Amino acid sequence: GYTETINLAKAGRIQEDPAVMLRVELKSGRRPGYLYLRGSSLSRFDGKTWTVNPQKRSELVKDAYRSRLLKAQKVTKNRFDLPALERTALTGKWGLKLAPESYLEQRIYLESLDTQALFGVPWMTRLDARLPSLTLLEDGSVLRPPTFSGKMAYDVVSLIERPAVQKLNELSKVVPEENSDIVVDNLQVPEGDFSQVKKLVKEIVSVRDTPYVKARKIERHLRERYGYSLDNAPAGDRNPVEMFLFETRKGHCEYFASAMALMLRLEGVPVRVACGFLMHEWNASGNYYIVRSKDAHSWVEVYLGGIWLDMDPSPVTPEADIQTATFWSRVRQKVDYVNFLWNANVLSYDMDSQEKLAQNVQMKSSRLSFRLDQ
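The following paragraphs examine the structure supplied in this document. Since we're looking at a predicted model, the values are computed, not measured. Throughout, a residue's number is its position along its own chain's written sequence, starting from 1. Given that the model is predicted, a residue must reach a pLDDT of at least 70 before its local features are reported, and side-chain atom pairs must reach 80 or more before they are shown or counted; all residues, however, enter totals for whole chains, interfaces and linings. With hydrogens and water excluded, all non-hydrogen atoms of the structure serve as input to the side-chain values.

**Concerning the overall build of the chain**
Then, number 1: The number of helices and strands found in the chain is 9 helices and 22 strands.
Then, number 2: Relative accessibility thresholds used throughout: buried, under 20% of the residue-type maximum; exposed, over 50%; partly exposed, between the two (1.4 Å probe, protein chains only). Across the 374 residues in the chain, those meeting the buried criterion constitute 49%.
Then, number 3: Contacts were defined at the residue level, with two residues in contact if any of their heavy atoms lie within 4.5 Å. Residue pairs in contact within the chain that sit at least 24 positions apart in sequence constitute 77% of those at least 6 positions apart. Strands here mean DSSP runs of E at least two residues long; helices mean DSSP runs of H or I at least four residues long; both are numbered from the N terminus.

**Details of the pairing of strand 4 (residues 35-42)**
Then, number 1: Counting buried positions along strand 4 yields 8 of 8 residues, so the element is predominantly enclosed.
Then, number 2: Strands qualify as paired when DSSP identifies two bridges or more between them. Bridge count between strand 4 and strand 18 (residues 271-279): 7 bridges; the pairing is antiparallel. Its bridge partner lying in strand 18, S41 is registered against A274.

**Points about the packing of helix 4 (residues 195-204) against helix 6 (residues 240-248)**
Then, number 1: Running from N to C, helix 4 and helix 6 point in directions that differ by 55°, and their axes come no closer than 10 Å. Taken as axis vectors, helix 4 and helix 6 run oblique relative to one another. At the point where helix 4 passes helix 6, the crossing takes the left-handed sense. On helix 6, the residues touching Q196, V197 and L200 of helix 4 are E242, L245 and F246. For helices, the fitted line uses only the C-alpha atoms of the stretch in contact; every axis is such a line through C-alpha atoms, and the angle between N-to-C directions lies from 0 to 180 degrees. To sort the angles, those under 35 degrees are grouped as roughly parallel, those over 145 as roughly antiparallel, those from 65 to 115 as roughly perpendicular, and the leftovers as oblique. Handedness of each helix crossing follows the sense of rotation of the near helix against the far helix: counterclockwise by less than a right angle gives left-handed, clockwise gives right-handed.

**Side note on helix 7 (residues 253-266)**
Then, number 1: Spanning 14 residues, helix 7 covers 20 Å between terminal C-alpha atoms, matching the ideal 20 Å at 1.5 Å per step.
Then, number 2: Burial within helix 7 is extensive, with 13 of its 14 residues counted as buried.
Then, number 3: The positive-phi residue at the C-terminal boundary of helix 7 is G268, with phi of around 80°. For a helix, the expected span equals 1.5 Å multiplied by the number of residues minus one.

**Concerning the pairing of strand 18**
On a regular strand, each side chain points to the face opposite its neighbour's, so the side chains alternate between the two faces of the sheet.
Then, number 1: With 9 of 9 residues buried, strand 18 is to be regarded as a mostly interior element.
Then, number 2: In the sheet, strand 18 pairs with strand 21 (residues 296-304) via 7 bridges, with the strands oriented antiparallel. In the strand pairing of strand 21, F277 is matched with A296.

**Some words on the sheet that holds strand 10 (residues 117-118)**
Then, number 1: Across the sheet, 4 strands lie side by side as 7-12-13-10; this open sheet has antiparallel pairing. The open sheet has two edge strands, strand 7 (57-61) and strand 10, and neither has a second partner.
Then, number 2: Bridge count between strand 7 and strand 12 (residues 133-137): 5 bridges; the pairing is antiparallel. Within strand 12, the position partnered with R57 by the bridge is L137.

**With respect to the pattern of salt bridges**
Between side chains of opposite charge, a pair can form when the charged atoms approach closely.
Then, number 1: Criterion for a salt bridge: a side-chain nitrogen of Lys or Arg within 4 Å of a carboxyl oxygen of Asp or Glu. Under the criterion given, the structure shown has 17 salt bridges.
Then, number 2: Taking the shortest distance from any N to any O, the salt bridge between E301 and R38 comes out at 2.5 Å. Of this pair, E301 sits in strand 21 while R38 sits in strand 4, and the two are 263 residues apart along the sequence.
Then, number 3: Ionic pairing is found between R79 and D81, a salt bridge with its closest N-O pair at 3.1 Å.

**Section: the nonpolar core**
Then, number 1: Residue types Ala, Val, Leu, Ile, Met, Phe, Trp, Tyr and Cys, when buried and joined through side-chain atoms within 4.5 Å, form a set referred to as a nonpolar core. One finds L37, Y154, L222, L245 and M263 to be the most contacted residues of the largest nonpolar core, which totals 84 residues.
Then, number 2: Not counting the four nearest positions on each side in its chain, Y154 is found in contact with Q106, R107, I108, L110, L118, F119, L127, D128 and A129.
Then, number 3: Counting 7 residues, the second-largest nonpolar core is a separate cluster that includes V20, Y109, I290 and Y349.

**Some remarks on the sheet that holds strand 1 (residues 6-7)**
Then, number 1: With antiparallel pairing, 3 strands are arranged side by side in an open sheet as 1-6-5. On the outer flanks of this sheet lie strand 1 and strand 5 (44-45), each paired with one strand and no other.
Then, number 2: Taken together, the 2 bridges between strand 5 and strand 6 (residues 49-51) define a ladder with antiparallel strand orientation. By the bridge assignment, F45 is partnered in strand 6 with W50.

**Quick look at the packing of aromatic side chains**
Then, number 1: Stacked, tilted and edge-to-face pairs are distinguished by plane angle, under 30 degrees for stacked and over 60 for edge-to-face with tilted covering the rest, among Phe, Tyr and Trp rings (Trp via its six-membered ring) whose centres lie within 6.5 Å. Here the structure, examined in full by the defined rule, presents 11 aromatic pairs.
Then, number 2: Aromatic side chains F244 and Y255 sit 5.8 Å apart centroid to centroid with 35° between the ring planes, which places their arrangement in the tilted category. Note that F244 is positioned in helix 6 and Y255 in helix 7, a separation of 11 residues in sequence. Per residue, the accessibility class of F244 equals that of Y255, and both read buried.
Then, number 3: A network of ring pairs unites the aromatic residues Y226, F244, Y255 and F256 as a single cluster.
Then, number 4: The rule is short: NZ of Lys or CZ of Arg within 6 Å of the ring centre and within 35 degrees of the ring normal puts a charge over the ring. The ring of W123 has R162 lying over it, and the distance from NZ or CZ to the ring centre is 3.7 Å.

What follows is the structure in structure tokens.
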């Protein structure tokens, strides 16, 4: 499931939990392939464990009144604009078109997860929710107030257009300031002798390669040369990443992301590990994505010329997991859709659906009463 700490030293087999964590409606219809739902990022690595680096926080406040007794359903729905790159930089320096299709609108129904993180497709630019405030972390992660837990529904607008490869290749040559927080926090390497890893990296990349090309080469190398497995071999006193790269040569997404992050950091490229979900299971009955606990995923975010670019070295392709349109798969989809409607309209993620349902019931009841009186 989703976690905000990665421990590579754990041994044993990961059990896949089919419990539903989120459902996501896309206002523009179904997107091809798969999408990431980002929750947080991890920058601090001690060789075995990834943890969150202490970050600067900024609070986006929409309602000064905050009480522990206040329920999310009673708060006015607020629009939170999330700081992003300036439009002039995106259209000029990065060459983005920023047309309507550059953005993806999502309606997210979040189950009761043990986290304050709010998920969305990168890069989130706006979030609408019945919350008085949000906490925005330095890495772009978004947290709801601690007193607002449990199920909730909210809307996200994400910028999904990315710069062309030529632009990424060209602008990644710009070396970030050596003492900047981004460099210091995301180039940190654990203590130890990583000469074997450095040697492997030199076999994969060239000194003439730009940081973008290096990242793509390492991503491709891991995808093509290593296998995916849910079994975690005990690391003992060995470094888990080196054991993965040179001994077992197989592992789950956390090993792939950790290996790519370490290899890039040894090359002087700032990088961090992102945590969230892979969204790939489409429910055709209700026109939404189902996101399960077993869809929890880790990938990397590489800092290139001023932006964080998602890359994924894991070899698993979610398209292969999409259910075929068999009779029983359609039945399962319809059952989930009925459960979803019950949760959304009766148990409710927010008051919007309940109010609409109550109005419909009241109107039908009034009509019936009028007919009986006649």
